[in-house]
Amino acid sequence: MIARRQGTRLVEFTASSLLGAATSLRCVCRQAISKNDIHPSAIVSAHIEDDAGICVGPFSVIGPDVKLGRNVNVGAHTVVTGHTVIEQGTHIFPFACIGNVPPDRKYRGSDTMLKIGRDCVIREHVTIHLGTELGGWTTSIGDKCLIMAGAHVAHDCKLGNNIVIANQTCLGGHVQVGDGVTIGGQVGVKQFVRVGRGAMIGGQSVVRADVIPFGLVHGDPARLAGLNLVGMKRSKHSRERVKHMLSLYRYLFAHPGSTLPSSSFARPLPLPPSPTLAGRAEIALAYIREQRERMEVEGVEGEVVKEEGNGERGEERREGRVDGGSANKEEYGMMEEQLLSFVLRQSRGVCLPSTHPST
């Protein structure tokens, strides 16, 4: 705490108030002036506009084919090279290496690219490589992603928006990661694996098969432990929608001798059994589409189902009500259909519960 006499009054300043004032002043100055702040020891070969508000720290190297958006901050001792595009507001911390050629023997020096979206945070010692000719020419990272220290994103990876990748995690080549995925620390994801939107991967896992949307996996090899219920709630999905997803999950992955926990909250969908996961997915997909078509044709909110309640009367609800209980015919079954389509499109298998038979 700092005290200062002002006239006859003793004015006190706390450290937090001073820090807040300094931060606000920096923001105001940057918005008003928007001048670049490039350290004299940095080597910047790329063309940068004079009023872009770009910061480049000491001893950093920016290659000639790099394009930096407004207010990009590149920390000290960082290398950004290759045909790399970094959108506005992204912050790269010291010792990161961005846009180098991929360690792929099939790469022949073509002008492939790396694209990084807006407002990403790339921490210390992160490495991200360019794409290859056989992988679509581009490695891409969406908006508002957080990639923590020591992580590696290999060539031709396709990352969505709002992804969190913790320390020392390695994504192999051609990995696809959907929006809102969280990956724990020291995880290895094998090449060509797909991770569906909203999924979560526990720390120190080895992922050798696809992860279903909103799936929760962990272990070596990674096994399906359920749905990412916390992530679904944080994404503002209604209780009814979460319940329907749980019912679908229990139908897909239940089998004789299954140890999946039974619950009256979300029983498995009452659909015919099938010996294979793909067969159950096809049955469920047909059911979801039929329900949606019935709702559109008949103009009804959903199927009336009587549930057991605390009293003898029970409680009536309408199956197919989403978004906090309001009937929404356009969105009904969208999440379920995405999950089922993901399962049917897989070619490398999906992560299964630990007691599930091979399908």
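Before reading on, note that the structure itself is shown above.
Residues numbered from 1 in each chain as written. Predicted model: local features only at pLDDT ≥ 70, side-chain atom pairs only at ≥ 80, totals over all residues. Heavy atoms only, no water.

K.L.:
What is the right way to look at the packing of aromatic side chains in this model?
P.N.:
What characterises a pair of aromatic rings is the spacing of the ring centres plus the angle enclosed by the ring planes. Going through the model one piece at a time under the given rule, you end up with one aromatic pair. For the ring pair tyrosine 249 and phenylalanine 253, a centre distance of 5.1 Å and an interplane angle of 45° mean the geometry is tilted. One end of the pair is tyrosine 249 and the other is phenylalanine 253, both in helix α3 (residues 239-253) and four residues apart, which spans about a single turn. One Lys or Arg, arginine 123, reaches over the ring of phenylalanine 93 and ends 3.7 Å from the middle of that ring. Residue placement shows arginine 194 over the ring face of phenylalanine 342; its charged tip is 4.0 Å from the ring centre. (Phe/Tyr/Trp six-rings, centres within 6.5 Å; stacked < 30°, edge-to-face > 60°. Helix = DSSP H or I, 4+ residues; strand = E, 2+ residues; numbered from the N terminus. Lys NZ or Arg CZ within 6 Å of the ring centre and 35° of its normal.)

K.L.:
Please explain the pairing of strand β16 (residues 138-141) as it appears in this structure.
P.N.:
Regular strands show a simple pattern: their side chains alternate between the two faces of the sheet. Pairing geometry for strand β13 (residues 113-116) and β16, over four bridges, is parallel. Among the inter-strand pairings, isoleucine 116 is bridged to a residue of β16, identified as isoleucine 141. Where β16 lies against strand β19 (residues 158-159), two bridges are found, and the strand directions are parallel. For serine 140, the partnering residue across the bridge sits in β19 and is lysine 158. (Pairing = 2+ DSSP bridges.)

K.L.:
Would you mind going over the pairing of strand β29 (residues 223-227) with me for this structure?
P.N.:
Taken together, the four bridges between strand β28 (residues 215-218) and β29 define a ladder with antiparallel strand orientation. Looking across to β29, one finds that glycine 215 is bridged to leucine 227. In this antiparallel pair of consecutive strands, β28 and β29, the connection spans four residues, and glycine 219 shows a positive phi of 105°.

K.L.:
Explanation requested: the state of the cysteines in the structure shown.
P.N.:
Joining two cysteines, a disulfide is a covalent bond between their sulfur atoms. Following the criterion strictly, the structure yields zero disulfides and no others. Cysteine cysteine 145 remains unbridged, with the sulfur of cysteine 120 as its closest cysteine sulfur at 4.6 Å. With relative accessibility at 3%, the residue cysteine 145 sits in the buried group. (Disulfide = S-S within 2.5 Å. Buried < 20%, exposed > 50% of the residue type's maximum accessible area, 1.4 Å probe, protein only.)

K.L.:
When you look at the packing of α3 against helix α5 (residues 334-345) in this model, what are you seeing that I'm missing?
P.N.:
Describing two packed helices takes the angle between their axes plus the distance from one axis to the other. Where α3 contacts α5, the axes come no closer than 10 Å and their chain directions differ by 25°. Between α3 and α5, the angle falls in the class roughly parallel. When you trace α3 past α5, the crossing you get is right-handed. The segment α3 lies against α5, with Arg241, His244, Met245, Leu248 and Leu252 engaging Met335, Glu336, Leu339 and Leu340. The residue inventory of the contact of α3 with α5, partitioned by class, reads six nonpolar, one polar and two charged. (Axes fitted to C-alpha atoms, helices over the stretch in contact; angles between N-to-C directions. Parallel < 35°, antiparallel > 145°, perpendicular 65-115°, else oblique. Left-handed = near helix turned anticlockwise from the far one by under 90°. Contact = heavy atoms within 4.5 Å. Nonpolar A, V, L, I, M, F, W, Y, C, P; charged D, E, K, R; others polar.)

Geometry only, nothing functional implied.
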